[in-house]
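Spelled out, the chains give:
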Amino acid sequence: MEKLQWILSAGANFYGETQTNNELDRLRATLPKARKLICRVEWGMFKDRELAKLLSHLKDTTYDAEDILRELDDQVLRQSIQDADRSRAGQLLSSSLNLAKTWILRGKARIKEMQDKLDKVVAEIEGMLNLMGLMSFEPSQIMPETSSVISAPEVVGRDGERDVLIEMLGVTIGREAQRDQVIKLLGVQLAGTGGNSSDSEGGGSNRRKREAASNNGVASTSRAKRPKGNSGRAGLAETTNCTNNVSVISIVGIGGVGKTTLAQFIYNDPRVQHHFGVVIWVCVSDLFDKRRITKEIIESIPGKKFDTSSCSLNALQVELKERLKMCPKFLLVLDDIWPNANAYWEAFYAPLRYGPEGSMVLVTTRCPVVATRVTTSNCEPVQLEGLPTDIFWDFFRKCSFGTNNPESYPHLQDIGKSICTRLCGSPLAAKTLGRLLNMSLTEQHWRTIQKSELWELRHEENEILPALQLSYLYLSEEVKRCFIFCSMFPKDYSFERDEIVSIWVAEGFVVPGGSMRPEDVGIIYFDELRNRFLFQTDPKCPNKTRYLMHDLIHDMAVSFSMDECLVMQDLRNQNNKSRIQFGTCRLKWVLSNILFLSLKGCQLVKLPGSICELNSLRYLDISRSSVQELPEKFWCLYNLQVLDASHSKLQRIHQGVTKLINLHHLALPAESSHTLSWVRGLGNLSCLRNLSEYIVAEETGRGIDELKFMNQLNGTLRIRSLATVWNEEEAAEARLVGKQYLKELVLQWRQGSLRLTRSDNGVLEGLRPHSRIECLKVDAFCGDRLPSWFKPEDLPTLRSLELSYCVSLESLSIPCSADGTQTGGNDGTQHASSSISRNNGIVSFAFTRLTTLGVFKCWALTNLEQFLTPEILPSIKSVTLEECGDLVSIPVHTFVGFACLQDLKICHCPKLECPREMVLPPSLRRLCIVNCNELDRSFPDCLENLTSLTLLQLCGCGRVKCILSNSIVTLTCLVVRGCWELASIGGLQGLASIQHVELSHCPKLTEVQQPFEKKELQTKEGKELLKYIHRVYWDLDAADPLIW
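Here is a short report on the structure shown in this document. A quick note: this is a predicted structure, and the numbers were derived from the prediction, not measured. (Residues numbered from 1 in each chain as written. Predicted model: local features only at pLDDT ≥ 70, side-chain atom pairs only at ≥ 80, totals over all residues. Heavy atoms only, no water.)

If you tally the helices and strands in the chain, you get 27 helices and 29 strands. Of all intrachain contacts in the chain linking residues separated by at least 6 positions in sequence, the fraction that spans at least 24 positions is 63%. When the accessible surface of the chain is totalled, it reaches about 49,000 Å², and 51% of it is carbon and sulfur. (Helix = DSSP H or I, 4+ residues; strand = E, 2+ residues; numbered from the N terminus. Contact = heavy atoms within 4.5 Å. Areas by Shrake-Rupley, 256 points an atom, 1.4 Å probe, with all protein chains shown as cover.)

Shown next as structure tokens:
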């Protein structure tokens, strides 16, 4: 009877459901148009307040429509997961009835209403844009035009930057005497009167002066170049003479930092005017018009009159090319180039290449990508930072007090210093705020400014915020939403890149790009913001992916997000009138649409059950909180993408976690992370990106096949208890070969008893990783051969290889020949020496990216002759061999061919034979030899020419008779123990320059009293160096050392 009622109901509602689906399709089709309209209106919002109000209304309506669509999608997902536990008939009945009820009774009216609202506001805005002439809008030049005339009444704090750039232009300043002295030392006879200059330099001899006068100030420059790099002052390149035909130098820095002023400063410098025959200034600004720029350059070069008004770009470039052939050496300043120039740069720059040798182009830009793109290879961009603190404070004080004496206002100076620190050395910001402060030299007025936000100020021409706002307007619609979302975070907040990208993805701001994952697209968005100086590296974490927003950038972001983002803080200190009031229904709607919720650091021991009603929640952060337990129904948050419980007190993870099929990232504290390994059915989490460890078991839901569809895993994956996997076919069920985002793979067979089993070979064969794997570790593997995929063409990106407790492995060799055929013995392998192909002397069959090799406790391993060679490992930097008791042969005589080798550690290999002496490369920095039989017969000869060696450890080396420590001038650390024949270390004077020394158990060494210790390495780098020492302790009654 129930089925019959359902059939009748479904038939009656079929037409209505079709109508609803049509309305949904229409709404989805309208949203892209609305989003593009938002971007267009933002360009005109500053011209009309009514347009700005309509923009706010359009954004609200667009976001509401997105919420409705997301809510319906969420309902479909929820229903499908709940149906998974029901019978087929129950699924059909439940799904159809609920979807019909949701979509037809509730959804249809809401969708229609939202479509009407969206159509109405779009029509209103399009009508207004038509009236304003902005409907067919193309980005026009908004930034003010600049000229070569120095606009600032005073240029402060840029003398150093000016001189660096002038020297880069090839102009000699103030170093004639030093230059001539060096030339004399080189044995070159100085030409000209009085020896003041050579012909290769400008502005020195009388003859050169006459040449300069007769050639309109043209002077050739020296062809010598100085090394590139950073100067003592942050942000400046070394003063490299960049002249090379027509070279391009760029000044790059955030808007308002003074790039244009510095360029004007250089352009008008008398030395520059004298050095170049022609100087040209073109303001490019935010619209890169090749035709206009080329026209202005032509008009600035002396020559016959040429009508440029109606010429094509081709005609203009031909004329420019011809003029440049006759033109003296020139300086061209292109001020304020924006990213849209990248696509046109080569075509624009082509005729400039025909200019006379020594000509220069000076570019200013706020975009590092542009700077890198246009700067020629013989130059480096000059990074312009804010003014130094002391100079900036003096400048800000002048702007703020004007003609008044600052010392008469000590109380205002303290306030001024507080404001000054927020401006990060920006001259434009100093002028903007200084002018406002100067309006009233009273404490009340200054305190008001101190507590206000820069975005609340009235914006005048040439002030900092309009310059920064343009950076925002040029962003794509998706990146704009990501950027203004960041305004909700406090100033000086340190953004971790992957964290903020995950939040953007959760909020739905990131548009997937083809086969790219959303987070990869989000990183592209972030890089775009970083390249436009909207994010800058956090100086407290220079080596990490952490970034800050400049205070002025944050103010600008807030100015665009005022009608979109709501931040409630310190509500306890607000009076009742200022508190925000929500109606009950509206508040419930707001809460139901929460996508991101941060409870970081909260003191709650258990999350309230009401959190399970946040059906749209995508991102929950309870990191560093006191939360110990999650609500019982927490696992019904099927849309959750990120659960960050790192460094919290969460004790365990429930079996229900497998229902979170959209989960991308799961960060857990150590204790609950261990319990995750025992959860059955983790394979349901096919979207999961991080799974640090998976323990294979024979029970249902914990087999290795659970990894089959988890192809989004990235970073490191450790698979433990592989001894429970029976054969190659079962191992292949993990489909590791399809996990392209994994960087490190750790394969661990067993703990405890190690015994030979034939199944291990097959299991390892079936665990073939993706070709992008960078680090491979194999532990407790009891097979006797490496898999067929262990060859360079299958592991082209492998950087690190570690083998430990591989107790049956007798040799390392590449299993297959270059053509893929297997030859050799019964195990199907052959030595690498017979499988190497050569092309003009270059080995094509090698692990070209492998830099780190570690072999530990592989007790059956006997030789590495066919693997540890410069031909197979041309890029190796670190080699460690430890406790390989049967290891007899390694090709130490070929080690000199390891051109990149920096670290070599060979310890406790007591059977090593050394028929030929070890020869080491000069690149070696750290060398440890401990208890390795005949290997010590190479000392001290093998230490010759080690010009980079900083650490030397020799323990249990009974054949070493002397170490001339004073001949290794770079040595920082020396550890020698148990070298029975050692009689000399070069005396105490040889130890004087070594900061860390340990000497003991060397009975024939009488130069120093033993044990001798000297421990002066206290720096961070020194302590890191000491960690490399292989620690041993000695039983005085035994001959062999014991491992710590």
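Attention now goes to unusual backbone geometry. Look at the link from Phe939 to Pro940: it is a cis peptide, with omega at 5°. Within the secondary structure, Pro940 is located in the loop between β23 (926-930) and β24 (951-955). Between Gln1010 and Pro1011 the backbone carries a cis peptide bond, its omega angle lying at -5°. Positive phi is not limited to glycine here, since Asn933 has a value of about 50°. Within the fold, Asn933 resides in the loop between β23 and β24.

Another aspect to go through is the pattern of salt bridges. Under the counting rule described, the total for this entry stands at 38 salt bridges. Across the salt bridge formed by Asp527 and Arg530, the nearest N and O atoms sit 3.2 Å from each other. With Asp527 and Arg530 both in helix α20 (residues 518-531) and 3 residues apart, this pair spans about one turn of that helix. (Salt bridge = Lys/Arg side-chain N within 4 Å of Asp/Glu carboxyl O.)

Further remarks concern helix α9 (residues 290-300). Taken as a whole, α9 has its buried residues at Ile293, Thr294, Ile297 and Ile298. In an axial view of α9, the angular spread of the buried residues amounts to 135°, which keeps them on one side of the axis. (Buried < 20%, exposed > 50% of the residue type's maximum accessible area, 1.4 Å probe, protein only. Arc of directions from axis to C-beta.)

This brings us to empty space enclosed by the protein. Enumeration according to the criterion identifies 3 cavities of 30 Å³ or more in this entry. Estimates place the volume of the second largest cavity at around 50 Å³. Forming the boundary of the second largest cavity are Leu764, Leu776, Val778, Leu786, Pro787, Trp789, Phe790, Leu801 and Leu803. For the lining of the second largest cavity, the secondary-structure elements that each account for two or more residues are β16 (775-779) and β17 (800-804). Classifying every residue of the lining of the second largest cavity by side-chain character gives 9 nonpolar, no polar and no charged. (1 Å grid on protein atoms, 1.4 Å probe; cavity = no way out; pocket = protein on both sides within 12 Å on 5 of 7 lines; lining within 4 Å. Points joined across faces, edges and corners; volume = space filled by probe spheres on them. Nonpolar A, V, L, I, M, F, W, Y, C, P; charged D, E, K, R; others polar.)

To continue, consider the side chain of Asn639. Take Asn639: it is sitting in the loop between β10 (619-621) and β11 (642-644). Once you skip the residues sitting within four places of it in the chain, Asn639 turns out to touch Asp74, Leu77, Asn615, Leu617, Arg618 and Asn662.

Further remarks concern the packing of aromatic side chains. All chains considered together, the criterion is met by 29 aromatic pairs. Ring centres of Trp345 and Tyr349 lie 5.6 Å apart, and the angle between their planes is 15°; this geometry places the pair in the stacked category. Of this pair, Trp345 and Tyr349 are both found in helix α11 (residues 345-349), 4 residues apart, which corresponds to roughly one turn of the helix. Three or more aromatic residues link up through ring pairs in this structure, and these residues are Phe485, Phe489, Tyr493, Phe495, Trp504, Phe509, Phe526, Phe535, Tyr547, Phe596 and Tyr619. One cation-aromatic arrangement involves Arg517 over Tyr741; the distance from NZ or CZ to the ring centre is 3.5 Å. Above the plane of the ring of Tyr1028 lies Arg926, whose end atom (NZ or CZ) is 4.2 Å from the centre. (Phe/Tyr/Trp six-rings, centres within 6.5 Å; stacked < 30°, edge-to-face > 60°. Lys NZ or Arg CZ within 6 Å of the ring centre and 35° of its normal.)

Before going further, it helps to spend a moment on the packing of helix α14 (residues 410-420) against helix α16 (residues 443-451). Taken N-terminus to C-terminus, the directions of α14 and α16 make an angle of 10°; their axes are 10 Å apart at the nearest point. By the angle class used here, α14 and α16 are roughly parallel. Here α14 contributes His411, Leu412, Ile415, Gly416, Ser418 and Ile419 to the contact with α16, which in turn contributes Glu443, Trp446, Arg447, Ile449 and Gln450. Considering only residue class, the contact of α14 with α16 consists of 5 nonpolar, 4 polar and 2 charged. (Axes fitted to C-alpha atoms, helices over the stretch in contact; angles between N-to-C directions. Parallel < 35°, antiparallel > 145°, perpendicular 65-115°, else oblique.)

Further remarks concern the sheet that holds strand β7 (residues 536-537). Spatially, 3 strands are ordered β6-β8-β7 in an open sheet, and the strand pairing comes out antiparallel. Pairing within the sheet leaves two strands with one partner each, and these edge strands are β6 (495-496) and β7. In this structure, β6 lies alongside strand β8 (residues 546-548), joined through 2 bridges in antiparallel fashion. From the neighbouring strand, Glu496 faces β8, where its bridge partner is Arg546. (Pairing = 2+ DSSP bridges.)

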